[in-house]
Amino acid sequence: QVQVVESGGGLVQTGGSLRLSCAASALSFSFSVYNLYWYRQGPGKQREFVAMITSGETSTNYADSVKGRFTISRDNTKNTAYLQMDSLNSEDTAVYYCNLRMPAWQSGGYWGQGTQVTVSS
C-alpha cells in the first residue's frame, strides 16, 4: 500500500522559515517518474495549489502567492520531496499536503495526511 507522509510543520513567527518533507513508499513505479505537488488548506478555505516539480526536475511552478518565497525540490534517491518556505506570514497558515501523480494524471494520485503550519505574528 502506497504511503505518503509529510513532516516538518510547526509553529513559526512571521518572517521565519520552515522546510517541509514528503516521503513516499511502496510506489508501483519509481519515485522519479512522478510529478510532485504541494497543496495547502487554510482555516475556512478550500484546498489550493502551492507548487509542483516535474518528474525530470525540468520544470517547477508556483502559486503567485508564494512565488519568490517558497522553493520546491526533490531527492529521488531518498523518495522525498521538499518545500522550503521562507518569509512566512499569517496567510501561509494551513495544513500542507503532498500529492504524487504520474505525468498523464490530471488529478487524483497519492496524497498524504498533511502537516500543520502555523505562522504567528
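Residues numbered from 1 in each chain as written. Predicted model: local features only at pLDDT ≥ 70, side-chain atom pairs only at ≥ 80, totals over all residues. Heavy atoms only, no water.

## As for the packing of aromatic side chains
Here's step 1: Counted by the stated rule, this structure contains five aromatic pairs.
Here's step 2: Pairing W105 with Y110 gives two aromatic rings, centres 6.2 Å apart and planes at 70°, and the pair type is edge-to-face.
Here's step 3: According to the relative accessible area criterion, Y110 is partly exposed, its value standing at 23%.
Here's step 4: Three or more aromatic residues link up through ring pairs in this structure, and these residues are Y37, Y39, F49 and W111.
Here's step 5: Above the plane of the ring of Y82 lies R19, whose end atom (NZ or CZ) is 3.9 Å from the centre.
Here's step 6: When the ring centre of Y37 is taken as reference, the NZ or CZ atom of R101 above it lies at 3.9 Å. (Phe/Tyr/Trp six-rings, centres within 6.5 Å; stacked < 30°, edge-to-face > 60°. Buried < 20%, exposed > 50% of the residue type's maximum accessible area, 1.4 Å probe, protein only. Lys NZ or Arg CZ within 6 Å of the ring centre and 35° of its normal.)

## Topic: the sheet that holds strand β1 (residues 3-7)
Here's step 1: The antiparallel open sheet is built from four strands, whose spatial order is β1-β3-β8-β7. Edge strands, defined here as strands with exactly one partner in the open sheet, are β1 and β7 (70-75). Shown here is a sheet whose adjacent strand axes are inclined to one another by a mean of 15°, direction ignored.
Here's step 2: Alignment of β7 against strand β8 (residues 80-85), held across six bridges, turns out to be antiparallel. Residue F70 lies in a different strand from β8, and its bridge partner there is M85. (Pairing = 2+ DSSP bridges. Helix = DSSP H or I, 4+ residues; strand = E, 2+ residues; numbered from the N terminus. Axes fitted to C-alpha atoms, helices over the stretch in contact; angles between N-to-C directions.)

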